[in-house]
Amino acid sequence: MTQRMHPAAALGPSPAFAEPVVVGKPWTPDRGRLLALIGDVLDSGRLSNGGPAVTELERRVADLHGVRHCVAVCNGTIALELALRAACLTGEVVLPSFTFVATAHAVRRAGLVPVFADVDPVTHNLDANAVERVITARTSAILGVHLWGRACDVAALAGVARRNGLQLLFDAAHAFGCSHRGRMIGTFGRAEAFSFHATKFFHTVEGGAVLTDDDEIAESVQRQRNFGFGPSGEALIVGGNAKLNEISATVGLSQLDSLEQLAAANRRRYELYRQGLRDIPGISVVEYSLAERLNYHYLAVEVDPQETGLDRDALVDILLAENVIARPYFSPPCHLMPAYRGCSTRGLEETERLSRRTVALPTGPAMSADDIHLVCDIVGAAAELAGRNGGPSGRHADRKLGRSGSFAS
Ligand SMILES: *Cc1c(COP(=O)(O)O)cnc(C)c1O
């Protein structure tokens, strides 16, 4: 275990932030517009069951991603479960363990067996070779996750799927408004599931959707979310209730026109973090391809404990003492959670390594440039102290605190 320093020693006796700053603070760009839209819904008397707000949201999200169908549901986990059910899979599904546990839950809840494959150390996404190694006669699908909004190696995964007669689906919970080789995420594989949770880039408080070009998948998800009803109003299949409500849909509609502005604001913060953390040994910020459309919603950082002189968990504790609520990702990874005891844990070295070193820092419009400078200074001071206490980072002993800067928005 890395040596604990007195947490508040990084920058002074009282926390650097008077109030806690968090990862994924929900964003409401235009509260007046939202309240007016909610008023319209209440006046209409139609609060759910495929009303005009959900219908408009589905059309606009489908158009934004260039996909035939967007079927909105009550959350992202259910979106994934219903997409998997719609694909009529059997047996095993290969997925990463380095993901939010809901990805694995959806597989299990759809009656399938999750088989975890390792991820690429650079992209953090499924490694196609690792996928190929765990395929058996029982495998029916590959479920990729576009982590941090960075697309999986879709072509490589599609190749593995084709050669082995498997279906390919994606968990796109992080990837609203993101592209891959110029084509929007949401259009890959047989279907992609999105989360519209309050902590995500685009949200409906709770919500999610299945995006697909496949008419059969879309029809199945539509039936499953509404008691199995077909056009006649009779239950054609056993379904449940997974509908998105009208109030939630208006929360989403009130954000749609501002998403480019949000992505630009996130990007400025990403650049600032990159500059601010660049010279701290052993701290690396995930890279995004400037050629793609991206939402820059996650500020994920890897901590090399040898280089930095302290490990990720020690850094998280120091940030916590300064009121910066950083989030270790994904710790523990799915295969080490009690719910998945009994699943194979072999060949997941990169997953385990990343799950010990990765952390998300607060970003987004609620964070000012000064706030970001301050977070970077805390990380720098923590590394410097660790270096002075025997680590290799003493060469940054002359690091200056208290730089300033500002954003237009
Ligand atoms: C948020 C998230 C989910 C679950 O979405 P909910 O809308 O919270 O149910 C699934 N997978 C990943 C990768 C996520 O980040």
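Model, not experiment: these values are computed from the prediction. (Residues numbered from 1 in each chain as written. Predicted model: local features only at pLDDT ≥ 70, side-chain atom pairs only at ≥ 80, totals over all residues. Heavy atoms only, no water.)

A.B. asks: Before we move on, could you go through the site of the ligand and cite the residues and values that matter?
C.D. replies: In the vicinity of the ligand, 14 residues are found, and the nearest of them are Gly76, Thr77, Asp171, Ser195 and Lys200. One of the side-chain nitrogen or oxygen atoms of Ser195 is found 2.7 Å away from an oxygen atom of the ligand. A distance of 3.2 Å separates an oxygen atom of the ligand from a polar side-chain atom of Lys200. Those elements giving two or more residues to the shell around the ligand turn out to be α3 (76-86) and α4 (102-109). (Near = heavy atom within 4 Å. Polar contact = N/O pair within 3.5 Å; in protein donor to acceptor, adjacent residues only side chain to side chain. Helix = DSSP H or I, 4+ residues; strand = E, 2+ residues; numbered from the N terminus.)

A.B. asks: Tell me what's going on with the packing of aromatic side chains, and back it up with residues and numbers.
C.D. replies: Under the defined criterion, the tally for this structure stands at 15 aromatic pairs. Each ring, one from Phe176 and one from Phe196, has its centre 5.9 Å from the other, and the planes form 75 degrees; the classification is edge-to-face. Here Phe176 is found in the loop between β6 (167-171) and β7 (179-180), whereas its partner Phe196 is found in the loop between β9 (191-195) and β10 (208-212), with 20 residues between them in sequence. We classify Phe176 as buried; its relative accessible area is 3%. A relative accessible area of 0% places Phe196 in the buried class. (Phe/Tyr/Trp six-rings, centres within 6.5 Å; stacked < 30°, edge-to-face > 60°. Buried < 20%, exposed > 50% of the residue type's maximum accessible area, 1.4 Å probe, protein only.)

A.B. asks: Residue-level account of the environment of Glu206, with values.
C.D. replies: Along the chain, the position of Glu206 falls in the loop between β9 and β10. The partly exposed category is assigned to Glu206, whose relative accessible area is 41%. Sequence spacing of Glu206 and Gly240 is 34 residues, and the spatial spacing of their C-alpha atoms is 17 Å. Each residue touching Glu206, except ones within four places of it in the same chain, is listed here: Cys74, Asn75, Phe196, His197, Leu244 and Ser248. (Contact = heavy atoms within 4.5 Å.)

A.B. asks: Any details on the domain arrangement of the chain? Residues and values, ideally.
C.D. replies: Domains assigned within the chain are domain 1 (31-256) and domain 2 (258-326 + 362-408). The straight-line distance from the C-alpha centre of domain 1 to that of domain 2 is 31 Å. Listed as interface residues are 22 residues of domain 1 and, on the opposing side, 16 residues of domain 2. Considering only the side of domain 1, the residues that lose the most area to domain 2 are Trp148, Arg150 and Phe201, jointly responsible for 42% of the buried surface there. Counting the contacts that link domain 1 with domain 2 gives zero salt bridges. Taken together, the connections running from domain 1 to domain 2 amount to 15 residue pairs in polar contact (both at pLDDT 80 or more). Grouping the amino acids of the side of domain 1 that touches domain 2 by side-chain chemistry returns 10 nonpolar, nine polar and three charged. (Domains from an automatic or database assignment. Buried area = accessible area lost by both parts, 1.4 Å probe. Salt bridge = Lys/Arg side-chain N within 4 Å of Asp/Glu carboxyl O. Nonpolar A, V, L, I, M, F, W, Y, C, P; charged D, E, K, R; others polar.)

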